[in-house]
Structures are given as C-alpha cells and as structure tokens.
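Residues per chain, in single letters:
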Amino acid sequence: MAVAPSLAGERPRIRVLPPEVAARIAAGEVIERPASIVKELVENALDAGARRIEVSLEGGGVDVIRVRDDGHGIPPDQLPDAFERHATSKLRVAEDLFAVQTLGFRGEALAAIVAAADVDFTTRPPLEDAAAVARFRGGRATGGGAAAAAPGSTVEVRDLFASLPARRRFLREGRAEARAVAAVVTDWAVARPDVAFRLASEGRTLLATPGDGALASAFAAIHGPDLGGGLLPLEGTRSGEDGARVAVSGAVAPPEAHRANRRALHLVVNRRAVTSRTLLASIEQAYAGLLPAGRHPAGVVHIEVPADQVDVNVHPQKAEVRLRHERFVAGAVHGAVRRALLDAAARTYGGLEGWRPSAVTADSLPGARPVIEAARPASELPRAASLAALEEPPPDLAAPGAAVSAPPAVTRALPPLRPLGQLDATYLVAEAADGLFVIDQHAAHERVHYERLLEARTAGRVESQALLEVAVAPLAATAVLLALTHREALVALGWELEETDGAALLVRAVPVALAGRDAARVLAEYLDQLEAEGRRATADAAVAALACKAAVRAGDRLDLPQQRALLEALE
Ligand code: ADP
Ligand code: MG
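Residues numbered from 1 in each chain as written. Chains lettered and ligands numbered in written order. Predicted model: local features only at pLDDT ≥ 70, side-chain atom pairs only at ≥ 80, totals over all residues. Heavy atoms only, no water.

**Some remarks on helix H15 (residues 519–533)**
Owing to its 3.6 residues per turn, the α-helix brings residues three or four apart onto one side. Taking 1.5 Å per residue as the helical rise, H15 with its 15 residues ought to reach 21 Å, and the 21 Å between its terminal C-alpha atoms agrees with that figure. Burial analysis of H15 places eleven of its 15 residues in the buried class, which makes it a mostly covered element. Restricting attention to buried positions, one finds in H15 the residues Ala519, Ala520, Val522, Leu523, Tyr526, Leu527, Asp528, Gln529, Leu530, Glu531 and Glu533. (Helix = DSSP H or I, 4+ residues; strand = E, 2+ residues; numbered from the N terminus. Expected span 1.5 Å × (residues − 1). Buried < 20%, exposed > 50% of the residue type's maximum accessible area, 1.4 Å probe, protein only.)

This is the structure:
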C-alpha cells in the first residue's frame, strides 16, 4: 500500500480540482445505479408537465436506459445549458429555494448523468417543427443537430460507468438493477395516478398504468385487480398548534389483504413518493390487532402539508422525508386509517371485533413453534414438555424483524400423538402419554412440507403439476423480476413460468404441493413470501416460501383423519 503523502513528510498543496474531476465526483453522489438515473429522468419529465412517461431498459439499465416523455421539452437554443452543472430552469434567486414547487432544482442531474454514461438527449417543445439532439460521449459533448421526433423529450443513456470501472463493479446483476428501477417507477406511478407510466425491460412491458387520475386503477395496474377493487378511501384534515396542517387522502386495503412485505404500502407526501419510518409505523399501528404479526397492510397514503413544513431533500436518493410536525402528521395518518378500517368493519362485520386475521401465519403467534404450549400450567408439565425450550426462540427468530428463512425446528422428538380435536380451527389438540399438546396447525404443516421439499429437491424429484389451462398471473413489476431472478430455484421446485408482455407471468405448471389452488393467486402470494424471506440463501428461501404457501392456514377446518395424518407426519 502506498504511504499517504502526509506521512511521507512533504505536505501536498491544496488545489481546486479540474472541472471534469469535480463533475465525476459529483456524479458519483447523484448516480449510483440505473435506478438513480431513472429517478432523476422521471422527475425531470414530471417537472416538464408530462402526462405519459415511458421507461425502457436493456441489461437492467446498465446497457441502455431510455426515458420518453410528452412534456414541454427544451427550446433548441437552451439545450446545451441543460447539461452544465447548476443549470436549472426551476430556480432563479436564492429565495426560491424556500418555496420549491418542482421536483428538481439543483441543476445537477443531467451534468452528473453525462459524466457517468453516454447520452443522447432528443427534445422538441410542442410548438417547434423539429427536435434538437445533444450527444455526449465519455463525458464530452460530441455534437448534435436537428432530428425528427414527436413533441416531448427522449433521453437515452448507454453503458453506465463504462469509463469508471470501479463504480461499474458495484452494480448488481441486471435483473436486480431492473428491480430497483421497477421500485422507483412503481413509487411514481402510485404517487401520480394522473400520469400514464410504462416500464419495459428487455422489450417486455412490466408495468403500465392508465393515467386516468384514479388511484384505484393505478393501484390495480400495479398490484393486481384484486387489491384495486377493495380499497378503502381515506380522508381527513387536521390543523394544530404552530400552524401545523395536514390533509390525508388515498386508500388502504382491508386487513385481510395483508402482505408478506411492505412493497404494496406506499407513502406519498406532497405528491412525491417517500419513506418515513414514523409514518409507516403509524399506518401499521392503525391495523394493530387486525393483522397477523409479521404481515403488512397494503395501500397508498397521500399526505399534503404546507411546503415549508416538509423537507424531502434530506437525502438526494432515498427521499426519506423530514416533517416539521412529524408526530402531529403521524397522528392524523393513524386516525384516518383507523377510521377507514372502522367504517368498513361496521359495514361488513358490525365492528372490528368480528374482523379476525384471516390467515394467521406461523410467526404471528408468540414464540410460535409446531408445539407451542401444553394446555396445563407450566408447573404441572411433565419434564419432557418443558416450556423452557419453547419460550426461548431459536436463533433465527431471536432478532426482531429478522427474515425467517426456514420454519422453526421441532426441538425435540415428539411422542406418538392422538388427535382430540381442533381449537378455533387454528390449533390441534392432541394427547400423548406424557401430557396434552396444543399444536399450531399451520406451523406444523409448514414444517412437514419444508422437510419433504428439501428431501425431494435433494433427490431431484420435486413434482410438478401441469395446468390444464395456462393461467395468467397479474403481478407487480418487482415480483415479475424477482421470479425471473430466481427462475432456476423455482423450476427446481416444480414451477413452470413463462414471460409475457404485460405486468404478468404465465403459469404452465405448479408444484404439486400447491395443485388445485388458484394458480395465479398462489403465485403472487408465493413471490411475496419469497421476497419477505430475504436475499439470503435464495434456493432455500424458495423452499421455505413454498412450504409456507402449501401449509394449511389458521381457520382451515381439518377432520380427524386429516389431523391424524398431520400429526403422524410431524412425528
Ligand atoms: P434540475 O431538474 O434540478 O433543474 P437537471 O440537470 O435535472 O436539473 O435538468 C436541467 C434542466 O434541463 C431542467 O431545469 C429543465 O429545464 C431541463 N430539462 C431536463 N429534462 C427535461 C425534460 N425531460 N423535459 C424538459 N426539460 C427538461
Ligand atoms: Mg432534474
């Protein structure tokens, strides 16, 4: 390793960096990966008043990103300026900084993008006869001219970081990059249902929203028609001390539409998709007691606050929002969501009490394990069924929020069990020589499936059942890309999937364990589950997710022979 000059005795001079070097350093801050470029270009298109925005990718956006909009374009004489650093049409004097209405204003994105990749920018204001093109190669303008094009702008970005190999190495495999882009476009599509978004990757459409202004249709286009239809509208305005004001709108899904991850829960502040731990927590708290633990609600919560009470520029990429009156806003959000849920429950069930989680998962029960508890006071329990082993969670469950990639292990051999019956269609009550057992049926079944699947996969004989009729599964763009990323692991488990143009996959065959169910729906749930399992050990996560999906749920009635079969398998 080279010795730092300062240690070698002679102090290097302080110098002002040459502009290209400064531009490259700045580029690194704005642009990390294709998703950050897409975010900037989409925001520019929205600032230009676009009603239609199309994003297409090749090689996950590392090879090509193309963003087309029908916005107001850039007049030919101003085009060269757009690529200068700190060149913007959105800010004139420093005071404007405090009342920025546009998404951009730093005037840095285009300069950073041309420093990081090759760019062709074609643009035509609606009143011009022809389009103007500006070309950049290796960070330098290499010419331009006139071209024929429809009104609006098209930005084509090629070979990201080709001249910066150290940065290029940090990029992930193409599909992972495409997924990050899909997340960005999805966020904007729910934030702006008045704009039609289209995302295509490798020539196939992954997402297309109608742009009709209706939140439900944007949501349905993204997360599937099931969720779009049942959304419960939110509304509420509040004002508080110190000029605090907030309006909440949007819609949330009823509790039974819970998801394995937070991908279908969107937060929009002043028409900008953002994240905020506090606000997400306040939404989830409104569902307290209605969702199985570890499951998440779906919906889009729009929040409007006065522009000077929000700072969305805390972090240039992550859009983590900072609110001046955060607790006040969180309270309003919680209230609006809770009210929507109460209203819906009153209509359907006569109150929230009647509304119980429809599909309790294994991890929803405190320390849930196949054998969760003996039905007698702990002190009276025979030693063999000691609760100690049950109370201490296995290491993979110990960390709160840690993804569980395998069902909990049965920590000791079970004695022969005789089924006595079912409790609340959720637990099996069984008798053994040394006591009474209460068993979470879902967890138990999941465990049985998991072991069998692992065994079958190792032996290379996982069975698949071809569908008589190919099923079309409408899926979120991120889910399609997830399936394609894990294709091999899915095939090994019996899935046979085919790509199609549109936000969907074709299902030709399903794992036998899932045969007989609604293939489209079960695939969507399966992918949700797989995503929640996390990135680690993908092949095993695929097995774990399948075991979970294949298992009986809480609420499923099992007759005595079925109970006996499950208990025997568990032993
Ligand atoms: P900023 O968005 O912060 O102003 P950018 O570098 O992203 O900075 O863009 C520079 C300028 O180029 C913008 O202020 C805008 O005038 C113009 N511009 C960029 N993209 C578009 C577009 N798609 N349509 C119209 N004008 C655009
Ligand atoms: Mg911009």
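**Focus: the pattern of salt bridges**
Two side chains bearing opposite charge may form a pair once their charged atoms approach each other closely. What the rule picks out here adds up to 19 salt bridges. Residue Arg263 is joined to Glu531 by a salt bridge in which the shortest nitrogen-to-oxygen separation is 2.6 Å. Pair noted here: Arg263 is in the loop between strand S11 (245–252) and strand S12 (265–269) and Glu531 is in helix H15, with a separation of 268 residues, a long-range link. A cluster of three or more residues bridged by salt bridges with shared partners is formed by Glu58, Arg66, Glu156 and Arg158. (Salt bridge = Lys/Arg side-chain N within 4 Å of Asp/Glu carboxyl O.)

**So, the sheet that holds strand S21 (residues 464–474)**
Read across the sheet, three strands follow the order S21-S23-S22 without closing on themselves; strand pairing throughout is antiparallel. Strands with a single pairing partner mark the edges of an open sheet, and in this sheet they are S21 and strand S22 (496–499). Direction aside, neighbouring strands of the sheet carry axes that sit 20° apart on average. Of the pairings in the sheet, the one linking S22 to strand S23 (residues 504–511) comprises four bridges and is antiparallel in character. Bridging from a neighbouring strand, Glu498 pairs with Leu506 of S23. Together, S22 and S23 form the strand contacts of helix H13 (residues 477–485), whose direction differs from that of S23 by roughly 45°. Sitting on the sheet, H15 touches S21, S22 and S23, and the angle it makes with S21 is about 75°. (Pairing = 2+ DSSP bridges. Axes fitted to C-alpha atoms, helices over the stretch in contact; angles between N-to-C directions. Contact = heavy atoms within 4.5 Å.)

**Remarks on the sheet that holds strand S3 (residues 118–124)**
The strand order across the open sheet built from eight strands is S5-S4-S3-S6-S2-S1-S7-S8, with neighbouring strands paired in mixed fashion. Edge positions in the open sheet fall to strand S5 (140–147) and strand S8 (204–208), since each of these has one partner strand only. The sheet shows a mean angle of 15° between the axes of neighbouring strands, taken without regard to direction. As paired elements, S3 and strand S6 (residues 152–158) share seven bridges and run antiparallel to each other. Residue pairing for S6: Asp120 is matched across the bridge by Glu156. Packed onto the sheet, helix H2 (residues 34–47) meets strand S1 (52–58), strand S2 (64–69), S6 and strand S7 (196–201) and runs at close to 160° relative to S1.

**Let's talk about the nonpolar core**
If you look at soluble globular proteins, the nonpolar side chains tend to sit buried side by side. Of all hydrophobic cores here, the largest spans 103 residues; its most connected members are Ile53, Val55, Phe197, Leu199, Trp495, Tyr526 and Leu527. Setting aside residues up to four positions removed in sequence, Ile53 forms contacts with Val42, Ala45, Leu46, Val67, Arg68, Asp69, Val195, Ala196, Phe197 and Arg198. Leu280, Ala286, Val321 and Val333 belong to the second largest nonpolar core, which has 31 residues in total. (Core = buried A, V, L, I, M, F, W, Y, C linked by side-chain atoms within 4.5 Å.)

**What to know about unusual backbone geometry**
Residue Asp242 is not a glycine yet carries a positive backbone phi of 65°. As for its placement among the helices and strands, Asp242 is situated in the loop between strand S10 (236–239) and S11. Residue Asp242 is classed as exposed on the basis of its relative accessible area of 61%. In this structure, Asn270 is a non-glycine residue whose phi angle is positive, near 45°.

**Points about a negative patch on the surface**
On the surface, Asp77, Asp81, Glu84, Glu128 and Asp129 cluster together into a negatively charged patch. Relative to the helices and strands, Asp129 is located in the loop between S3 and strand S4 (131–137). (Patch = residues over 30% accessible without salt bridge, like charges linked within 9 Å, V, L, I, M, F, W, Y side chains within 5 Å. Areas by Shrake-Rupley, 256 points an atom, 1.4 Å probe, with all protein chains shown as cover. Lys, Arg positive; Asp, Glu negative; His and termini not counted. Charge placed at Lys NZ, Arg CZ, Asp CG, Glu CD.)

**Some points on the packing of aromatic side chains**
Applying the stated criterion across every chain, the model contains three aromatic pairs. Plain terms: the ring middles of Phe83 and Phe121 are 5.5 Å apart, the flat faces sit at 85° to each other, and that makes the pair edge-to-face. With Phe83 in the loop between S2 and helix H3 (109–116) and Phe121 in strand S3, this residue pair connects regions lying 38 residues apart in the sequence. The class for Phe83 is buried, based on a relative accessible area of 8%. You can call Phe121 buried: its relative accessible area is 6%. Between Trp495 and Tyr526, the aromatic rings sit 5.2 Å apart at their centres with planes inclined by 40°, giving tilted as the arrangement. You can see Trp495 sitting in the loop between helix H14 (487–492) and S22 and its partner Tyr526 sitting in helix H15, a full 31 residues away along the chain. Accessibility assignment for this pair places Trp495 and Tyr526 in one class, buried. Above the ring of Phe161, the side-chain terminus of Arg167 is found at 5.9 Å from the ring centroid. (Phe/Tyr/Trp six-rings, centres within 6.5 Å; stacked < 30°, edge-to-face > 60°. Lys NZ or Arg CZ within 6 Å of the ring centre and 35° of its normal.)

So far we have only geometry, and geometry alone does not tell us how the molecule works.
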